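Given next are the chains, with one letter for each unit.
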Amino acid sequence: MRTADSFLQIFDKTNTSISAKSPDLVWCVVETAPDAGIKRLEVDMRNADYVAFDDSLCKNMPRVTSGISSSLKDSECDGIAIIEKDNRSLMIFCDLKPTFDTKKIRKGFSQDLFSFIKLHMLLSICNNYELDDFDIDFIVACKCFENIAKRADILSRVQNNQIVDKDYFINSLLYPLIKNGEKCVRLGDFPQIAGLDINPGIKNKKVKLRLLTSSNYTDDFVKYSI
C-alpha cells in the first residue's frame, strides 16, 4: 500500500475521513439522506489491503474544480477506496441511489468521475503513484427492479431505444449495465470531459462501470465483494 501510505502521510488530516481499513473485513458505504431507498453498500474486503474514505474526502474542493473551471464540478461520491489484493492495485468510487432511474444513474457515475479527478490531483504528488498501475471501478448501487416483469420491460424498451435520454453516453450503457451489471469505457468517453484538452493518459484510461442492485426490492442495502 505504498501509494496509500504516501497519501496518508502527506494529507494526514484526511484521517478523519477514513470509514474503514485493513484488517476490517467489510467496508460499509453509507447514504445519510433520511429518505434514501438504499442506505448502505456492504463491500466484502476479505484478503484485501485497503483504506476507504467517506464522502468528506473530496468534498468542498472548488479551488481546484468549479471555482476555476466551467467544466469541472465540485461533486463527490459516497465512498472511495484504495486497494491492493492479489497483486492488483484498484481504486473504487461508489455512489448510492434509491432506485433505477436514468437521471440518478447518470448523476451517480458523474459523481464517481469528479471524485476520481479530485483524488487523482492529490495522488499525483504521492510517491509511487502511477495511474497505469491501477484498475478503476465506478460503482452505482440502487434497488433492484420491483419484479422480473419490470426488469424485462425496461430491458426491452432500452434495446428498442424506447427510453430516450439526452445523454447518448448513458443510453449506450443502459443495456449492458442492466443485462450484465458492468461495462468497460474510457474516461474520455464521459461527455463531461470529452471535449477538454486533458492529458491523453487520463482520457484513454479504461474504467469499469458497475451497476449493483439489491437482492430484494424491499432491501435497503446492497452487498458486493471485490
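Here, every reference points to the structure presented above.
Here's what I pulled together on the structure shown here. Note that the structure is a prediction, hence the values are computed from the model and not measured.

As enumerated under the stated definition, the model contains ten salt bridges in all. Of the charged contacts in the structure, one is a salt bridge between Arg40 and Asp220, with a shortest N-O distance of 3.6 Å. Here Arg40 is found in strand 3 (residues 40-44), whereas its partner Asp220 is found in the loop between strand 9 (206-213) and strand 10 (221-225), with 180 residues between them in sequence. Arg210 serves as the salt-bridge partner of Glu182, at 2.9 Å between the closest nitrogen and oxygen. With a gap of 28 residues between them, Glu182 in strand 8 (residues 182-186) and Arg210 in strand 9 connect regions that are remote in the sequence. Glu182 gets classed as partly exposed once you look at its relative accessible area, which sits at 31%. A single salt-bridge network, built from bridges that share partners, covers Asp137, Glu182, Lys208 and Arg210.

Moving on, we get to the sheet that holds strand 10. Backbone hydrogen bonds hold the strands of a sheet together, and the pairing may be parallel or antiparallel. With mixed pairing, the three strands of this open sheet are ordered in space as 2-3-10. The open sheet has two edge strands, strand 2 (26-30) and strand 10, and neither has a second partner. Ignoring which end each strand starts from, the neighbouring axes of this sheet average 20 degrees apart.

It is worth spelling out the nonpolar core at this point. A general trend in soluble globular proteins is that nonpolar side chains are found buried together. Counting residues in each nonpolar core, the largest one holds 51 residues, and the members touching the most others are Met91, Phe116, Phe138, Phe190 and Leu209. Setting aside residues no more than four positions away along its own chain, Phe116 makes contact with Met91, Phe93, Leu131, Ile136, Phe138, Leu187 and Ile202. Listed in part, the 21 residues of the second largest apolar core include Tyr50, Ala52, Ala141 and Tyr224.

Turning our attention to the sheet that holds strand 1 (residues 18-21). Read from one edge to the other, the open sheet built from seven strands follows the order 1-4-5-6-7-9-8, with strand pairing classed as mixed. Bordering the open sheet on either side are strand 1 and strand 8, each of which pairs with just one other strand. Looking at each pair of strands side by side, their axes are set apart by 20 degrees on average, direction ignored. The pairing of strand 1 with strand 4 (residues 49-54) spans three bridges and is classified as antiparallel. Looking at strand 4, one finds that Ile18 is bridged to Phe53. The strands that helix 1 (residues 2-10) touches are strand 1, strand 4, strand 5 (79-85) and strand 7 (134-142); relative to strand 4, the one it contacts most, it runs at about 40 degrees.

Our focus in this paragraph is the pairing of strand 3. The sheet contact formed by strand 2 and strand 3 spans five bridges and is antiparallel. Across the sheet, Cys28 pairs through a bridge with Glu42, a residue of strand 3. Alignment of strand 3 against strand 10, held across five bridges, turns out to be parallel. Bridging from a neighbouring strand, Glu42 pairs with Lys223 of strand 10.

Our next topic: the pairing of strand 4. As paired strands, strand 4 and strand 5 are joined by six bridges and run antiparallel to one another. Pairing of Asp54 across the sheet is with Gly79, part of strand 5.

Attention shifts here to a nonpolar patch on the surface. Residues Val64, Ile68 and Met121 make up a contiguous nonpolar surface patch of about 260 Å² in total accessible area. The topology assignment puts Val64 in the loop between strand 4 and strand 5.

Parameters and conventions
Residues numbered from 1 in each chain as written. Predicted model: local features only at pLDDT ≥ 70, side-chain atom pairs only at ≥ 80, totals over all residues. Heavy atoms only, no water. Salt bridge = Lys/Arg side-chain N within 4 Å of Asp/Glu carboxyl O. Helix = DSSP H or I, 4+ residues; strand = E, 2+ residues; numbered from the N terminus. Buried < 20%, exposed > 50% of the residue type's maximum accessible area, 1.4 Å probe, protein only. Pairing = 2+ DSSP bridges. Axes fitted to C-alpha atoms, helices over the stretch in contact; angles between N-to-C directions. Core = buried A, V, L, I, M, F, W, Y, C linked by side-chain atoms within 4.5 Å. Contact = heavy atoms within 4.5 Å. Patch = residues over 30% accessible without salt bridge, like charges linked within 9 Å, V, L, I, M, F, W, Y side chains within 5 Å. Areas by Shrake-Rupley, 256 points an atom, 1.4 Å probe, with all protein chains shown as cover.

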